[in-house]
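Notes for the structure review
Residue strings, one per chain:
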Amino acid sequence: KGYFEGIVDLRTADGSDCQFKFSPVPAWENDFGGVVAVQAVTAGDGYNVATGTVGVSDNIVVPSGIYDIVVNKKLNKITMVEVKAITMIGAACGDYGWGQDVEMTFDLDAKTFTATTTLKPGEYKFRLNHDWTYSIGKSLGVTPGDDNLSNENEGDYKVVLNASTCPFTVKYINTSYPDVLYVPGSHNGWSFNHTPLNGDGEGHYEGYMNLGGE
């Protein structure tokens, strides 16, 4: 539908401004740039926001950093929000509530943010840079003033926000179950030094082994 969003590492080795363009193919073919205006936001962790137009030949120039980039090709508009942190906050976050962030760990290669916390049924959001200006809510994209997400799980969970898709996705992995189940028996000399059964995080385990005896 002409709407693109993703988190991109635009950090430069020396910290200087980053220049870049877009291309629909991995080559200099039908590539385009844009013109943006950069605003430094002092709230929260302090971060940069760039807005402007795309579809022209100019390189886009922004300060070095990791950015969530939204391009609306129908309207030739671009919004970029520097990502210094993404946290989880809300009534669903156990004892944290709306008053304290649950810090998340960022895997830049996988483009996932993860946090292990106690959940209870209720609403929550992911917010950027410890600030309420930009958050990730029901639309599962970075936006101001989006509706809250809803959680029905209760217990200890790993929450995984996947920013490699458009829209983003959220996965809840129950951490009350172990990752693996060991299977000692007469087939392996009652040893634990053999391949276990792998779990899916929800109490289901499956694998193959050569059994014999007890």
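Residues numbered from 1 in each chain as written. Predicted model: local features only at pLDDT ≥ 70, side-chain atom pairs only at ≥ 80, totals over all residues. Heavy atoms only, no water.

With that settled, the discussion passes to the overall build of the chain. Helix and strand content of the chain: zero helices and 20 strands. On C-alpha atoms alone, the chain measures out to a radius of gyration of 22 Å, which is more than a quarter above the 17 Å that the 2.2 N^0.38 rule sets for 214 residues. Within the chain, the proportion of its 214 residues that are buried is 39%. The long-range share in the chain, meaning contacts at least 24 apart out of those at least 6 apart in sequence, stands at 58%. (Helix = DSSP H or I, 4+ residues; strand = E, 2+ residues; numbered from the N terminus. Rg over C-alpha atoms; globule rule 2.2 N^0.38 Å. Buried < 20%, exposed > 50% of the residue type's maximum accessible area, 1.4 Å probe, protein only. Contact = heavy atoms within 4.5 Å.)

Moving on to the sheet that holds strand 16 (residues 155-162). Strand order across the open sheet formed by four strands is 10-11-16-17, with antiparallel pairing between neighbours. What marks the edges here is a single partner per strand, and that holds for strand 10 (105-107) and strand 17 (169-174). The sheet shows a mean angle of 25° between the axes of neighbouring strands, taken without regard to direction. Across six bridges, the pairing between strand 16 and strand 17 is antiparallel. Looking at strand 17, one finds that Tyr157 is bridged to Asn174. (Pairing = 2+ DSSP bridges. Axes fitted to C-alpha atoms, helices over the stretch in contact; angles between N-to-C directions.)

Here we come to the layout of surface pockets. Computed from the structure, the largest pocket encloses a volume of approximately 170 Å³. If you trace the largest pocket, you find it lined by Phe4, Glu5, Gly6, Val8, Phe22, Phe32, Ile69 and Val71. Sorting the residues of the lining of the largest pocket by element identifies strand 1 (3-9) and strand 6 (66-72) as the ones contributing at least two each. If you tally residues by element for the lining of the largest pocket, the top one is strand 1, at four residues. Partitioning the lining of the largest pocket into residue classes produces six nonpolar, one polar and one charged. (1 Å grid on protein atoms, 1.4 Å probe; cavity = no way out; pocket = protein on both sides within 12 Å on 5 of 7 lines; lining within 4 Å. Points joined across faces, edges and corners; volume = space filled by probe spheres on them. Nonpolar A, V, L, I, M, F, W, Y, C, P; charged D, E, K, R; others polar.)

So, about the sheet that holds strand 3 (residues 33-41). Taken together, the five strands give an open sheet; going across it, the order is 1-6-7-4-3, and neighbouring strands pair in antiparallel fashion. Edge positions in the sheet fall to strand 1 and strand 3, since each of these pairs with one other strand and no more. For this sheet the average axis-to-axis angle between neighbouring strands, irrespective of direction, equals 20°. In the sheet, strand 4 (residues 47-56) pairs with strand 7 (residues 77-82) via five bridges, with the strands oriented antiparallel. For Gly52, the partnering residue across the bridge sits in strand 7 and is Ile78.

By themselves, these are just geometric observations and shouldn't be taken as functional.
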